[in-house]
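Read off the chains here:
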Amino acid sequence: MRFTELEESSPTNSSNPAIAGPSSKSHSTSNGRTVANGNGFVSPFTNGNGVVGSSGAGTSGSNGVVMERHEKSALSRVNLPGHLLYEDSNVDREEFVRLLLQSLRDVGYIESAATLEAESGFSMEEPQVRRFREYILSGMWSKAEDSLSRLGIVNEDNSWDAKFLINKQKYLELLEARKTAAALHVLRTELALSSPEPAQLHVLASLLMCTEPEDVRQRAGWDGVSGQSRQQLLLDLHRFIPPSVMIPQRRFLTLLQQARQDQLRRCIYHNTPLGATPFSLLSDHECNKDGFPGVTTTVLSVHTDEVWNVEWSHDGAYLASGSADRTAIIWNMGSDRRKWEVHLILRDHPFPVHSIAWSSDDSMLLTGAEHFIKLWDAKTGSCIRTMDEHTETVTALSWLPDGSGFISGALDRKIIQWDAEGRKKLSWGLTDIRVTDLAVTPDLSRVVTIGMHVPTSSESSSLRGIRNSGSSGDATTNPSGNSSSMNGITPTKNRFIIYRLSTRQVESSIKLDGDLTSVKVSQDSQYALINHSPDEIQLWDLRLGRLARKFTGQRQGRHIIRSCFGGIDGSFVASGSEDGNVYVWHRDTGSLLEVLSGHGEGSVNSVAWNPANERMFASCSDDKSIRIWEAPTPEMVLDMSGHTDYSVSYSAKGKGKTRQMDGEVENSGMASPSTRL
């Protein structure tokens, strides 16, 4: 925003050119100048007072532009060619200077801002914008409302919305001050005219019944005049006023924070908490691999058959595993992370354990074995309840994030909702798919399901005709990892179905080719990660309802493989693979970061990232073992100085060590399983 030609040539400006000096109270300097308290120079575009100096000669700036001075301490405008900050940039110089002016004033460099304003010829904003801010912060509501018409709001609806926010603040302040009659007048004559929704008026009208100011603040979700409510009102009003007229608060800082976040997203190995991440404006952010969990520190070898699933407790202190040996084991990490112990072995499963899920407070554990569901006390190991409502294999168990209960899904096409004690609340009826997995979003808004589509009658007739003609059709995968047909009917397609949890209605149903074996949802409830056979993991944006990215490289054809999000802000995607390796990608770029070996023969069936430690995850395999992966500590680096891929791990009870050198595991007195330590 430039000074106008009238302002440039006015007698006032020619006789008293803009002069900058230090912010201070009025005082005399050694050369006899008097500096007035304020923002530093005389101009209709500033908030302060001027400085009068003596005359002097012209000078040349560092950029080679001659700046003629009519008075010794006066600053003349620097006239630069063009309107861009640099010739090869697309940044507008005026916008850049206005942001600098705002930032300098925000941090207290008032006189520096005055100097820049004088040299550039740009001002941060028009006087009416400054006055509007003052009206809002001072509670001069009539003047604030009158000023709206001069702030560039061209949309009439926006103007009414802005007036409503101003009148709402006025109304709440009157209620807080116990001026009920005046508040009622505002409600009837001002808010009623500017509010298009009767429901909003009803909520505000109900506040008239409040007898105490604290009651008003609590019920309105408002912190009062003495809080930040007026500053928040200014922020809310920014939505309706063009940013070219009123710059959003701390805009330069916002841009710097956005640049930082973008650098962190582009840093493929970034895995450090935000507060612990050094940030400098002088260099781009870049991480090495030191924070990435690529080293096996512990091998847990107590299961006697393939391990199919692993899940961490929410506090990250315990790990649960389910196995083909018909047991689930709860492992305790120990305080120093190196002394793992078997906390409980949960027996009494009639079939292999393929599904596990922790309650939100980690006090209970669910296990699924064929069509049975068992609810266990995770501290004592006692079985609280056994449920057999499903008629086919239970493929998915998911606790509701609020701890009120859990949801189960099965190949019998049923989704059942249970309370926290394992009592059936309701059945969602028969779904369109034989459910192979499901997940509840952390915000409790959706249930994401995947499964094998059940053909309609016409599709079934067509399939029978194909089968009678000699085609065998495609086989599907059951929870044990073996191929089988679906009751004699081969599904024609698989589906990814999203339900609204509150209504249990289908929000979207997407057909996908190939088997779908697992689904995980990100902590921000935005993304769903789906293992898709053959050899693909898909990232779906739940808000936009579209495929965001694919991750490839791992092997998945016949077995159920489970993947997960991990690291800071879920920035990694990790998955097992039928080739015995663990694969890790960068979520936002799709780059394959690591292929981690170490497991023996067979598939790595599941990977789970520790929710309380971004530098630790677990993997389980057909080789009957569970591996704990961590970022190398300085002590590990020192121990590894003479070896490649070296780690030390402890079995149950900490008796016996497994030393891994160059990918070969050497056992030494592994402890036998125990029920409780």
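Keep in mind the model is a prediction, meaning the values are calculated, not measured.

**Details of the overall build of the protein chain**
Thinking step 1. Assigned secondary structure in the protein chain consists of 14 helices and 37 strands.
Thinking step 2. Classification of the 677 residues of the protein chain by burial places 49% in the buried group.

**Describing the sheet that holds strand E30 (residues 582-586)**
Thinking step 1. Judged by pairing direction, the sheet is antiparallel, and its 4 strands sit side by side in the order E28-E29-E30-E31 without closing on themselves. Strands at the two margins of the open sheet, each flanked by one partner only, are strand E28 (563-566) and strand E31 (592-596). Across this sheet, the average inter-strand angle for adjacent strands is 20 degrees, counted without regard to direction.
Thinking step 2. Note that strand E29 (residues 572-575) and E30 share 4 bridges and pair antiparallel. In the sheet register, Ala-574 faces E30, and the bridge partner there is Val-584.

**Examining the sheet that holds strand E19 (residues 446-453)**
Thinking step 1. Taken in spatial order, the 4 strands line up as E18-E19-E22-E23 in an open sheet, and their pairing is antiparallel. In this open sheet, the two strands that pair with only one neighbour each are strand E18 (433-440) and strand E23 (506-512). Taken over all neighbouring pairs, the strand axes of this sheet differ in orientation by 20 degrees on average, direction set aside.
Thinking step 2. As judged from the 6 bridges shared by strand E22 (residues 494-500) and E23, these two strands associate in the antiparallel manner. Residue pairing across strands places Ile-498 opposite Ser-508, the latter belonging to E23.

**Topic: the pattern of salt bridges**
Thinking step 1. One pass over the structure, following the stated rule, counts 21 salt bridges.
Thinking step 2. Ionic pairing is found between Arg-423 and Glu-421, a salt bridge with its closest N-O pair at 3.2 Å.
Thinking step 3. With a relative accessible area of 38%, Glu-421 lands in the partly exposed category.
Thinking step 4. With its nearest N and O atoms 3.8 Å apart, the salt bridge here joins Lys-550 to Glu-536. Here Lys-550, found in strand E27 (residues 546-551), pairs with Glu-536, found in strand E26 (residues 536-541); they are 14 residues apart in sequence, far enough to count as distant.
Thinking step 5. A relative accessible area of 43% means that Lys-550 is categorised as partly exposed.
Thinking step 6. Of the residues examined, Glu-536 reaches a relative accessible area of 14% and is grouped as buried.
Thinking step 7. A single salt-bridge network, built from bridges that share partners, covers Glu-176, Glu-214 and Arg-217.

**Thoughts on the nonpolar core**
Thinking step 1. By size, the foremost hydrophobic cluster in this structure holds 33 residues, and its most contacted members are Phe-132, Ile-136, Ile-166, Tyr-171, Leu-191 and Leu-237.
Thinking step 2. Of all the secondary structure elements, the ones that give two or more residues to this core are helix H5 (127-138), helix H6 (141-147), helix H7 (156-176), helix H8 (180-194), helix H9 (198-206) and helix H11 (229-237).
Thinking step 3. Aside from chain neighbours lying at most four places away, what touches Leu-237 is Phe-132, Ile-136, Ala-162, Leu-165 and Ile-166.
Thinking step 4. Counting residues in hydrophobic clusters, the runner-up holds 18 residues, among them Val-302, Trp-312, Ile-329 and Cys-620.

**Remarks on the environment of Arg-239**
Thinking step 1. Mapped onto the secondary structure, Arg-239 falls in the loop between H11 and helix H12 (251-266).
Thinking step 2. In the structure, Arg-239 is positioned 78 residues away from Asp-161 in sequence and 9.9 Å away in space, judged by C-alpha atoms.
Thinking step 3. At a separation of 3.2 Å, a polar atom in the side chain of Arg-239 contacts the main-chain carbonyl oxygen of Asp-236.

**Let's talk about the packing of aromatic side chains**
Thinking step 1. With the rule as written, the count across this model stands at 14 aromatic pairs.
Thinking step 2. Ring centres of Tyr-269 and Phe-292 lie 5.7 Å apart, and the angle between their planes is 90 degrees; on these two criteria the pair is classed as edge-to-face. Placement of Tyr-269 in the loop between H12 and strand E5 (295-300) and of Phe-292 in the loop between H12 and E5 is noted, with a sequence separation of 23 residues between them.
Thinking step 3. Here Tyr-269 falls in the buried class, since its relative accessible area comes to 13%.
Thinking step 4. On the numbers, 6.3 Å between centres and 20 degrees between planes, the contact of Phe-351 with Phe-372 is stacked. With Phe-351 in the loop between strand E9 (341-346) and strand E10 (355-358) and Phe-372 in strand E12 (residues 372-377), this pair connects stretches of sequence that are 21 residues apart.
Thinking step 5. The exposure class of Phe-351 is partly exposed, given its relative accessible area of 31%.
Thinking step 6. The ring of Trp-160 carries the charged tip of Lys-163 above its face, separated from the ring centre by 5.0 Å.

**So, the pairing of E22**
Thinking step 1. Burial analysis of E22 places 6 of its 7 residues in the buried class, the great majority of the element.
Thinking step 2. Where E22 hands over to E23, the hairpin turn is made up of 5 residues, of which Arg-504 adopts a positive phi near 60 degrees.

**Focus on the packing of H8 against H9**
Thinking step 1. It is at 11 Å that the axes of H8 and H9 come closest, and there the two elements cross at 155 degrees. Put simply, H8 runs roughly antiparallel to H9. With respect to the hand of their crossing, H8 and H9 are arranged in right-handed fashion. Seen from H8, the contacting residues are Leu-187, Leu-191 and Ala-192; seen from H9, they are Leu-201, Leu-204 and Ala-205.
Thinking step 2. Here the contact of H8 with H9 is built from residues that sort into 6 nonpolar, no polar and no charged.

**A short note on H5**
Thinking step 1. The end-to-end C-alpha distance of H5, which contains 12 residues, comes to 16 Å, matching closely the 16 Å that a straight helix rising 1.5 Å per residue would cover.
Thinking step 2. Those residues of H5 that are buried lie in contact with H6, H7 and H11.
Thinking step 3. Looking one or two places after H5, you find Gly-139, whose phi comes out positive at around 75 degrees.

**Notes on the UniProt feature "repeat: WD" (unreviewed entry) in the protein chain**
Thinking step 1. Under the local residue numbering, the UniProt record ascribes the feature "repeat: WD" (unreviewed entry) to residues 300-341, 346-386, 387-419, 569-595 and 601-639.
Thinking step 2. Overall, residues 387-419 shows 0% helix and 58% strand. The separation of its end C-alpha atoms is 12 Å.
Thinking step 3. Taken end to end, residues 569-595 has its terminal C-alpha atoms 21 Å apart, with 0% of it in helix and 48% in strand.

**Considering the packing of H5 against H11**
Thinking step 1. The N-to-C vectors of H5 and H11 enclose an angle of 140 degrees; their axes lie 8 Å apart at closest approach. Compared by their axis directions, H5 and H11 come out oblique. Considering how the two elements wind past one another, H5 and H11 form a crossing that is right-handed. In this structure, H5 uses Phe-132, Arg-133, Ile-136, Leu-137 and Ser-138 to contact H11, whose residues at the interface are Arg-230, Gln-231, Leu-233, Leu-234 and Leu-237.
Thinking step 2. Its residues placed into classes, the contact of H5 with H11 shows 6 nonpolar, 2 polar and 2 charged.

**Let's talk about a nonpolar patch on the surface**
Thinking step 1. On the surface, Phe-279, Leu-281 and Leu-282 cluster together into a nonpolar patch covering about 380 Å² of accessible area.
Thinking step 2. Positionally, Leu-281 belongs in the loop between H12 and E5.
Thinking step 3. Relative accessible area serves as the criterion here: at 63%, Leu-281 is assigned to the exposed category.

**Side note on the confidence of the model for the protein chain**
Thinking step 1. When pLDDT is averaged along the protein chain, the result is 81, and 76% of the positions lie at 70 or above.
Thinking step 2. Scored below 50 in pLDDT, residues 4-72 makes 129 contacts in the model with residues more than four places away or belonging to other chains.
Thinking step 3. Contacts of residues 640-677 to residues separated by more than four positions or lying in other chains number 84 contacts, the stretch itself having pLDDT below 50.

**Overview of the pairing of E31**
Thinking step 1. Strand direction decides the pairing type here: E30 and E31, joined by 4 bridges, are antiparallel. Bridging across to E31, Tyr-583 finds its partner in Val-595.
Thinking step 2. The turn linking E30 back onto E31 is made up of 5 residues, and Gly-590 within it adopts a positive phi angle of 80 degrees.

Criteria and thresholds
- Residues numbered from 1 in each chain as written.
- Predicted model: local features only at pLDDT ≥ 70, side-chain atom pairs only at ≥ 80, totals over all residues.
- Heavy atoms only, no water.
- Helix = DSSP H or I, 4+ residues; strand = E, 2+ residues; numbered from the N terminus.
- Buried < 20%, exposed > 50% of the residue type's maximum accessible area, 1.4 Å probe, protein only.
- Pairing = 2+ DSSP bridges.
- Axes fitted to C-alpha atoms, helices over the stretch in contact; angles between N-to-C directions.
- Salt bridge = Lys/Arg side-chain N within 4 Å of Asp/Glu carboxyl O.
- Core = buried A, V, L, I, M, F, W, Y, C linked by side-chain atoms within 4.5 Å.
- Contact = heavy atoms within 4.5 Å.
- Polar contact = N/O pair within 3.5 Å; in protein donor to acceptor, adjacent residues only side chain to side chain.
- Phe/Tyr/Trp six-rings, centres within 6.5 Å; stacked < 30°, edge-to-face > 60°.
- Lys NZ or Arg CZ within 6 Å of the ring centre and 35° of its normal.
- Parallel < 35°, antiparallel > 145°, perpendicular 65-115°, else oblique.
- Left-handed = near helix turned anticlockwise from the far one by under 90°.
- Nonpolar A, V, L, I, M, F, W, Y, C, P; charged D, E, K, R; others polar.
- Expected span 1.5 Å × (residues − 1).
- UniProt positions renumbered as here; feature names shortened; annotations may be inferred.
- Patch = residues over 30% accessible without salt bridge, like charges linked within 9 Å, V, L, I, M, F, W, Y side chains within 5 Å.
- Areas by Shrake-Rupley, 256 points an atom, 1.4 Å probe, with all protein chains shown as cover.
- pLDDT = per-residue confidence, 0-100.

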